[in-house]
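Structural overview
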Amino acid sequence: MELFDVTIVGGGPAGLYSAFYSGLRDLKTKIIEFQPTLGGKVNIFQEKMLWDVGGQPPIVAAQFVENLVAQAKTFDPTICLETKVQNVRKEQDYFVIETNDGAQHYSKTIIIATGGGIYKPIKLAIDGAEKYEMTNLHYTIKGIERFRNHDVLISGGGNGAVDWAVELLPIAKSVTLIYRKEELTAHEAQVRNLRENGVEIMLNSELVSLQSNEQKTAIEQVTVCQNGDNTTFNIDDVIISHGYDREVSLEFDEDIRPECKDNYYLQSIGKCQTTVPGIFGAGDIVTYEDKVNLLLGTFQDAVLAVNSAKLYMNPEANKVAMVSSHNEKFREKNQEIYANV
Ligand SMILES: Cc1cc2nc3c(=O)[nH]c(=O)nc-3n(C[C@H](O)[C@H](O)[C@H](O)COP(=O)(O)OP(=O)(O)OC[C@H]3O[C@@H](n4cnc5c(N)ncnc54)[C@H](O)[C@@H]3O)c2cc1C
């Protein structure tokens, strides 16, 4: 049985920074993440420019995730991807974490960093649509270059759909936004931006069919129904932004079930400790007064949760880690970095 000091459930920003900080504090660390990639829900808005992370110049979200992942790997944590944590129970003085593949993971402490749960995009309810997901039907945007000079149709009226329309405007040949309701629900300023810059907005409209090319590999035409009238037009790419279904599947045995707010958020009793000794929370999943549900807040939580875990295992340990310049762990790494400057 391999026993870890800290097992982090969730590989979003909170989990990733927890992994880094846990390594910094000499703890044997594992991350378990359901998705095939790390980064959490930032992967939903990979092309968004992030402006509000301290000390970080405006950065594309995808690059930010790459940096976070690299930092999380500094102390070589064990990483399990495509693995869903289903249940946590306690045996003697360690936790047993059961995952969907039938495996069991053993850990002295757990940091729950599951954010809003597991996000899955709401798929288009048109028969056979899934076969175009390999070509030109998109539920997320990994890079905007592929849309250069393309006719793009975006379905959705919330911030996600409108943000994508704004991003694609300068490079696409045309952007058409369709939405089933009478008004877009996105931020007013973004909607104004769309209207002033030539996006065709079709309200009271929805996609009713997709017509494929001869090889039946990609969508060539779409039919949109607006107020009962059908219009068919050519299109190069279809982007669906109909929101996300959220799956919340993590359970705890009754004797170690942490107190939750609104039946979901872990209630912190201070320093990101839950009501169950040995179980901590970081990021969007944890709540306390004046909580900040932003990337910045996840880092603060991660540090608090790891320090609390360290003290739980060793009450004599330093309450916080040393600053970087005093930390033994960085000496060797610093030399490598300076040598390459
Ligand atoms: C559209 C949008 C735009 C945003 N823009 C900004 C911004 O500009 N600036 C900013 O600071 N913040 C922004 N945020 C907020 C920011 O994304 C979140 O605060 C941050 O992602 C929270 O990180 P987290 O690690 O707590 O949770 P998440 O990012 O939600 O990560 C949780 C991870 O846990 C995994 N997981 C869940 N359950 C399980 C399980 N049972 N087993 C295994 N893995 C599991 C999930 O798959 C996920 O990867 C934005 C959020 C959204 C939705």
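Residues numbered from 1 in each chain as written. Predicted model: local features only at pLDDT ≥ 70, side-chain atom pairs only at ≥ 80, totals over all residues. Heavy atoms only, no water.

Going by this rule: UniProt positions are given in the numbering used here, feature names are shortened, and annotations may be inferred rather than shown by experiment.
An unreviewed UniProt entry lists the chain under the name Ferredoxin--NADP reductase, with Candidatus Kurthia intestinigallinarum given as the organism. For the record of the chain, the UniProt heading Subunit (unreviewed entry) holds the text "Homodimer." According to its UniProt record, the chain has this under Sequence similarities (unreviewed entry): "Belongs to the ferredoxin--NADP reductase type 2 family."

**Digging into the sheet that holds strand β15 (residues 219-226)**
The test is simple: Strands were regarded as paired on the criterion that DSSP finds at least two bridges between them. Numbering of helices and strands starts at the N terminus; helices are DSSP runs of H or I of at least 4 residues and strands are runs of E of at least 2. What counts as an axis is a line fitted to C-alpha atoms, over the stretch in contact for a helix, and the angles between N-to-C directions run from 0 to 180 degrees.
The strand order across the open sheet built from three strands is β14-β15-β16, with neighbouring strands paired in antiparallel fashion. Looking at the sheet topology across the chains shown, the edges are occupied by β14 (205-212) and β16 (229-234). Across this sheet, the average inter-strand angle for adjacent strands is 25 degrees, counted without regard to direction. Note that β14 and β15 share seven bridges and pair antiparallel. Bridge assignment links Ser212 to a residue of β15, and that residue is Ile219.

**Examining the nonpolar core**
Formally: Note on terminology: a nonpolar core comprises buried Ala, Val, Leu, Ile, Met, Phe, Trp, Tyr and Cys residues joined through side-chain atoms within 4.5 Å. Relative accessibility under 20% of the residue-type maximum defines a buried residue, over 50% an exposed one, and the middle range a partly exposed one, all with a 1.4 Å probe and only protein chains included. Throughout, a contact is declared for two residues whenever any of their heavy atoms are within 4.5 Å.
Phe64, Ile111 and Ile112 are the most contacted members of the largest nonpolar core, which has 53 residues in total. With seven residues, helix α1 (residues 13-24) is the single largest residue contributor to this core. Those residues in contact with Ile112, other than ones at most four positions away along the chain, are Val9, Leu250, Phe252, Leu266, Ile279, Phe280, Gly281, Ala282 and Ile285. Formed by 23 residues, the second largest nonpolar core is a distinct cluster that contains Phe147, Val152, Val162 and Leu169.

**A short note on the site of the ligand**
The criterion, for reference: We call a residue near a molecule or strand as soon as one heavy atom of that residue lies within 4 Å of the molecule or strand. Pairing of N or O atoms within 3.5 Å defines a polar contact, subject to two protein rules: one partner must be a possible hydrogen donor and the other a possible acceptor, and residues neighboring in sequence count only if both atoms are side-chain atoms. Here, Shrake-Rupley sampling with a 1.4 Å probe gives the accessible areas, and only protein chains in the shown set may cover a residue. Classification used: nonpolar for Ala, Val, Leu, Ile, Met, Phe, Trp, Tyr, Cys and Pro, charged for Asp, Glu, Lys and Arg, polar for all others including Gly.
What surrounds the ligand is a group of 31 residues, the closest being Glu33, Lys41, Lys48, Asp284 and Leu295. Between the ligand and Asp52, the relevant distance is 3.0 Å, taken from a nitrogen atom to a side-chain nitrogen or oxygen of the residue. A distance of 3.0 Å separates a nitrogen atom of the ligand from a polar atom in the backbone of Val85. Compared with its free state, where it exposes 1,000 Å², the ligand has 87% of that area covered by protein. Those elements that place two or more of their residues in the shell around the ligand are α1 and α5 (295-313). The class makeup of the residues in the shell around the ligand is 13 nonpolar, twelve polar and six charged.

**A closer look at the sheet that holds strand β23 (residues 286-287)**
In space, the three strands of this open sheet follow the order β20-β21-β23, with mixed pairing throughout. In this open sheet, the two edge strands, each paired with only one partner strand, are β20 (260-261) and β23.

**Describing the UniProt feature "binding site: FAD" (unreviewed entry) in the chain**
Residues annotated in UniProt with the feature "binding site: FAD" (unreviewed entry) correspond here to Glu33, Lys41, Phe45, Val85, Asp284 and Ser325. A maximum C-alpha distance of 36.4 Å is found for the annotated residues, which run over 293 residues; spatially they are spread out rather than grouped. Here Phe45 lies in the loop between β2 (29-32) and β3 (49-50). For Phe45, a relative accessible area of 28% corresponds to the partly exposed category. When sequence neighbours within four positions are dropped, the list of residues in contact with Phe45 reads Leu50 and Ala61. Setting aside its immediate chain neighbours within four residues, Asp284 contacts Lys41, Gly115, Tyr265, Lys291, Asn293 and Leu294. In terms of polar contacts, Asp284 uses its side chain to reach the side chain of Lys41, at 2.9 Å.

**Quick look at helix α2 (residues 61-72)**
Which entries qualify depends on this criterion: A helix is expected to span 1.5 Å for every residue after the first. Taking the helix axis as origin, the arc is that swept by the directions to the C-beta atoms.
Over its twelve residues, α2 extends 16 Å from the first C-alpha to the last, a length consistent with the 16 Å expected when each residue adds 1.5 Å. Where α2 is concerned, the buried positions are Ala61, Phe64, Val65, Leu68, Val69 and Ala72. The buried side chains of α2 occupy one side of the element, clustering within an arc of 135 degrees when seen end-on. On its buried face, α2 is in contact with α1, β3, β4 (59-60) and α5.

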